Amino acid sequence: MKIQILISKNSWANKYTAILKKNLKKYTKNILIIDNHIKLRKNYDINIIFSYFKVINKKFLNKSTYNLIPHESDLPTGKGMSPLTWQLLKNKNKIVFSLIEASEKMDTGKIYFKRKVYFKNDLIFDEIKNIQFYQNLELIKKFMSYFKRNKIAPKSKLQNGKSTYHKLRTKKDSLLNINKSLKSQFNLLRTCDYRNYPSYFYMYKKKYLIKMIKSK
């Protein structure tokens, strides 16, 4: 079995690549991690698209037999970018994770598995991402175990229902309102990536960045 894993250069998931490879070595030793879809190689069994920020056309998807995308929403609800963050910002703490087959149109592929994940209200960015990684890893391992036993993918089903979409988050989405309470903006504070997209506010014509750390 040959696996390639696609992760964007500036993704939070890069800190987990060693753990990802270690967990997948039980299925195969032939694992390649790349940061751009134009580097995808031909004749691979599985391509895992893990936190990748570009749309991939069919030419590159065809280089692997299966192209898996872990997505943190109850598809077809919540297609698009940063679905977990958008849901946490809406005070949701029970999130459905989906593992789907990639398609040219964003997040429209067939669904292999779903699982419900609970997020406590006091979690901050690194804790949220840690849960996100390991829960997605479990979905991927479930697929891999089935594929290794049967040499084919598990059964999948078409998405059914009305589609909704999340927009791409930008630095502007991390802006705090100084006229609102800290409590009312706590979800924004805790979901901001302080390394790449820190929360911030303006005061006295100056911009202030916030790094949020939980005390032990």
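Preceding this section is the structure that the text describes.
About the thresholds
Residues numbered from 1 in each chain as written. Predicted model: local features only at pLDDT ≥ 70, side-chain atom pairs only at ≥ 80, totals over all residues. Heavy atoms only, no water. Helix = DSSP H or I, 4+ residues; strand = E, 2+ residues; numbered from the N terminus. Rg over C-alpha atoms; globule rule 2.2 N^0.38 Å. Buried < 20%, exposed > 50% of the residue type's maximum accessible area, 1.4 Å probe, protein only. Core = buried A, V, L, I, M, F, W, Y, C linked by side-chain atoms within 4.5 Å. Contact = heavy atoms within 4.5 Å. Expected span 1.5 Å × (residues − 1). Pairing = 2+ DSSP bridges. Axes fitted to C-alpha atoms, helices over the stretch in contact; angles between N-to-C directions. Phe/Tyr/Trp six-rings, centres within 6.5 Å; stacked < 30°, edge-to-face > 60°. Lys NZ or Arg CZ within 6 Å of the ring centre and 35° of its normal. Salt bridge = Lys/Arg side-chain N within 4 Å of Asp/Glu carboxyl O.

S.K.: Would you mind showing me how to read the overall build of the protein here?
M.R.: When helices and strands are tallied, the protein shows 5 helices and 10 strands. In terms of overall dimensions, the protein is globule-like: its C-alpha atoms have a radius of gyration of 18 Å, near the 17 Å expected for 216 residues. Expressed as lengths along the three principal axes of its C-alpha atoms, the size of the protein is roughly 60 × 35 × 35 Å. Split into buried and exposed, the 216 residues of the protein put 47% on the buried side.

S.K.: How should I be thinking about the nonpolar core in this particular structure?
M.R.: Generally speaking, soluble globular proteins have nonpolar side chains that are buried together. One finds Ile 5, Leu 24, Ile 48, Phe 50, Phe 119 and Phe 143 to be the most contacted residues of the largest nonpolar core, which totals 35 residues. At the level of secondary structure, the elements contributing two or more residues to this core comprise β1 (2–6), α1 (17–24), β3 (44–49), β4 (64–71), α3 (83–89), β6 (94–101), β7 (111–118) and α4 (125–150). Ranked by residue count, the leading element in this core is α4, at 9 residues. In this structure Ile 5 touches Leu 20, Leu 24, Ile 31, Leu 32, Ile 33, Ile 34, Asn 47, Ile 48 and Phe 50, once residues within four positions along its chain are discounted. Counting 15 residues, the second-largest nonpolar core is a separate cluster that includes Leu 6, Leu 32, Ile 49 and Phe 60.

S.K.: Help me understand α4, please; the structure alone is not making it clear to me.
M.R.: One turn of an α-helix holds 3.6 residues; hence residues three or four places apart share an orientation. Across its 26 residues, α4 extends 38 Å between first and last C-alpha, which sits within 8% of the 38 Å expected from 1.5 Å per residue. Phi turns positive one or two residues past the end of α4, at Lys 151, with a value near 65°.

S.K.: Please clarify how the sheet that holds β1 should be interpreted in this entry.
M.R.: If you walk across this open sheet you meet the 6 strands as β2-β1-β3-β4-β6-β7, and the pairing is mixed. Looking at strand neighbours, the two that pair on one side only are β2 (30–34) and β7, the edges of this open sheet. Neighbour to neighbour, the strand axes of the sheet diverge by 20° on average, direction disregarded. Of the pairings in the sheet, the one linking β6 to β7 comprises 7 bridges and is antiparallel in character. Looking across to β7, one finds that Ile 100 is bridged to Ile 111.

S.K.: Please clarify how the pairing of β3 should be interpreted in this entry.
M.R.: Looking along a regular strand, one sees the side chains alternate between the two faces of the sheet. With 5 of its 6 residues buried, β3 lies for the most part within the structure. Where β1 meets β3, 4 bridges bridge the pair, whose relative direction is parallel. Looking across to β3, one finds that Leu 6 is bridged to Ile 49. Bridge analysis of β3 against β4 gives 4 bridges, and the strand direction is parallel. Paired with Asn 47 across the strands is Asn 67, a residue of β4.

S.K.: When you look at the packing of aromatic side chains in this model, what are you seeing that I'm missing?
M.R.: The relative placement of two aromatic rings is captured by the distance of their centres and the angle of their planes. With the rule as written, the count across this model stands at 13 aromatic pairs. Seen in terms of ring centroids, Tyr 16 and Phe 133 are 4.3 Å apart; in terms of plane orientation they differ by 15°. Their pairing is stacked. With Tyr 16 in the loop between β1 and α1 and Phe 133 in helix α4, this pair connects stretches of sequence that are 117 residues apart. Measuring from ring centre to ring centre gives 6.0 Å for Tyr 66 and Phe 143, while their planes differ by 70°; the resulting arrangement is edge-to-face. Here the residue Tyr 66 occupies a position in strand β4, and Phe 143 occupies one in helix α4, the gap between them amounting to 77 residues. Judged by relative accessible area, Tyr 66 falls into the buried class, the value being 17%. Clustering of aromatic rings is evident, with ring pairs tying together Trp 12, Tyr 16, Phe 50, Phe 133 and Tyr 134. One cation-aromatic arrangement involves Lys 2 over Tyr 44; the distance from NZ or CZ to the ring centre is 4.6 Å. Above the face of the Trp 86 ring, Arg 169 is positioned so that its terminal group lies 4.5 Å from the ring centre.

S.K.: Just checking my understanding: could you explain the pattern of salt bridges for this structure?
M.R.: Applying the stated criterion to the full structure yields 7 salt bridges. The residue Lys 39 makes a salt bridge to Asp 35 at a minimum N-O spacing of 2.9 Å. Given the relative accessible area of 24%, Asp 35 is considered partly exposed. Residue Glu 138 pairs with Lys 141 through a salt bridge whose shortest N-O separation is 3.4 Å. With Glu 138 and Lys 141 both in helix α4 and 3 residues apart, this pair spans about one turn of that helix. Through salt bridges that share partners, Asp 122, Glu 127 and Lys 214 make up one connected network.

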